[in-house]
Amino acid sequence: MKNIYFLTLGICCGFLTSGAQGERVLFTDNFGAYDNAESISSSTNGWIHTGVGDFTNKINPTFGAKGSSCFAQLATTGAASAHQEIDLEAGNTYVFKAYIKTTNNKIYSTIRINAGGVEVAKSSNVSANYSWEELSISYTPTVDETAIFEIKKTQGQVLNVDNVKIICTSCPNKKFVYDFHDSKESWISGKDCTVGLNDKGVVISGMKMLATSAVFANEIWI
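My aim in this report is to walk through the structure given alongside it, one point at a time.

Rules and cut-offs
- Residues numbered from 1 in each chain as written.
- Predicted model: local features only at pLDDT ≥ 70, side-chain atom pairs only at ≥ 80, totals over all residues.
- Heavy atoms only, no water.
- Helix = DSSP H or I, 4+ residues; strand = E, 2+ residues; numbered from the N terminus.
- Contact = heavy atoms within 4.5 Å.
- Areas by Shrake-Rupley, 256 points an atom, 1.4 Å probe, with all protein chains shown as cover.
- Patch = residues over 30% accessible without salt bridge, like charges linked within 9 Å, V, L, I, M, F, W, Y side chains within 5 Å.
- Salt bridge = Lys/Arg side-chain N within 4 Å of Asp/Glu carboxyl O.
- Lys, Arg positive; Asp, Glu negative; His and termini not counted.
- Charge placed at Lys NZ, Arg CZ, Asp CG, Glu CD.
- Disulfide = S-S within 2.5 Å.
- Buried < 20%, exposed > 50% of the residue type's maximum accessible area, 1.4 Å probe, protein only.
- Polar contact = N/O pair within 3.5 Å; in protein donor to acceptor, adjacent residues only side chain to side chain.
- Pairing = 2+ DSSP bridges.
- Axes fitted to C-alpha atoms, helices over the stretch in contact; angles between N-to-C directions.
- Phe/Tyr/Trp six-rings, centres within 6.5 Å; stacked < 30°, edge-to-face > 60°.

Quick look at the overall build of the protein now. When its secondary structure is counted, the protein shows 0 helices and 17 strands. Excluding contacts between residues fewer than 6 apart, the proportion of contacts in the protein whose partners are at least 24 apart in sequence is 74%. Summed over its atoms, the accessible surface of the protein is roughly 11,000 Å², and 52% of this surface lies on carbon and sulfur atoms.

Next up, the structure:
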């Protein structure tokens, strides 16, 4: 008996991709799934905010990293941070990356990794205000532990954040990596849908199409 499967791609909420051999993407957020001014730290995506103000989403055409329209902000003057907590395995190497853009606080803005209450990795300061810059740090724990991957400003004005990634460079590869908040890259972009796998293949439901920019790719396996 022949089975015919149709895979339809469109403007949607994230992307599905396979990681490089020996590399596992543990977390990524490009802030494409939030409303303008939404509190990201009150969402279900694991962001925790400390310090003044809040960690919020910003939608502003072409102002994000890579020319996108969405990014996150620590927008209140003063010390503040946003972080993710992830369980680490001894002997694996973890890389933390984020694009940062500051106003007048380049010397106060960094990304950091903390484990067991100790700062185990810290990036250099942002080199210039008003320009997106990717910061990257890595850490290899000697014991299993939970680490805090933190974006921080110790004082100053607005800190913009985009393209956050936490990668394990030595973990066993997963066949698929899901990113439902990534509106800037790969083959599904936008929001308002659910992507999943079942025994028949990829399932995409609840798509909200944009008539002016929808792109379809239909594949048939028999």
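Attention shifts here to a negative patch on the surface. Among the surface-exposed residues, Glu 85, Asp 87, Glu 89 and Asp 144 lie close enough to one another that they form a single negatively charged patch. Secondary-structure assignment places Asp 144 in the loop between strand S11 (133-139) and strand S12 (145-153).

Here we come to the state of the cysteines. A covalent bond bridging the sulfur atoms of two cysteines is what the word disulfide describes. Under the definition given, this model contains 1 disulfide. Across the disulfide, Cys 168 is cross-linked to Cys 171 (sulfur-sulfur distance 1.9 Å). The chirality of the disulfide connecting Cys 168 with Cys 171 is right-handed, given an S-S dihedral of about 85°.

Position of Ser 81 relative to the elements: it lies in strand S7 (residues 80-88). With relative accessibility at 2%, the residue Ser 81 sits in the buried group. A polar atom in the side chain of Ser 81 sits 2.4 Å from the side chain of Thr 50.

Here we come to the sheet that holds strand S4 (residues 48-51). With antiparallel pairing, 5 strands are arranged side by side in an open sheet as S4-S7-S12-S9-S10. The open sheet has two edge strands, S4 and strand S10 (118-122), and neither has a second partner. The average undirected angle you get between the axes of adjacent strands in this sheet is 30°. Taken together, the 4 bridges between strand S9 (residues 109-115) and S10 define a ladder with antiparallel strand orientation. Within S10, the position partnered with Ile 113 by the bridge is Ala 121.

The next subject is the pattern of salt bridges. Counting across every chain of the model gives 1 salt bridge. Between Glu 119 and Arg 112 there is a salt bridge, with its nearest N and O atoms 2.9 Å apart.

Even without a glycine there, the phi angle at Ala 37 is positive, about 70°. By secondary structure assignment, the location of Ala 37 is in the loop between strand S3 (24-29) and S4.

Bringing the packing of aromatic side chains into the picture now. Evaluation of the coordinates by the stated rule reveals 7 aromatic pairs. Here Phe 31 and Phe 55 contribute two aromatic rings whose centre-to-centre distance is 6.1 Å and whose plane-to-plane angle is 90°, an arrangement assigned as edge-to-face. Remark: Phe 55 occurs in strand S5 (residues 55-59) and Phe 31 occurs in the loop between S3 and S4; sequence separation between them is 24 residues. Accessibility classification places Phe 31 together with Phe 55 in one group, the buried group. By the ring-pair criterion, three or more aromatic residues cluster together here, those being Phe 27, Phe 31, Tyr 34, Trp 47 and Phe 55.

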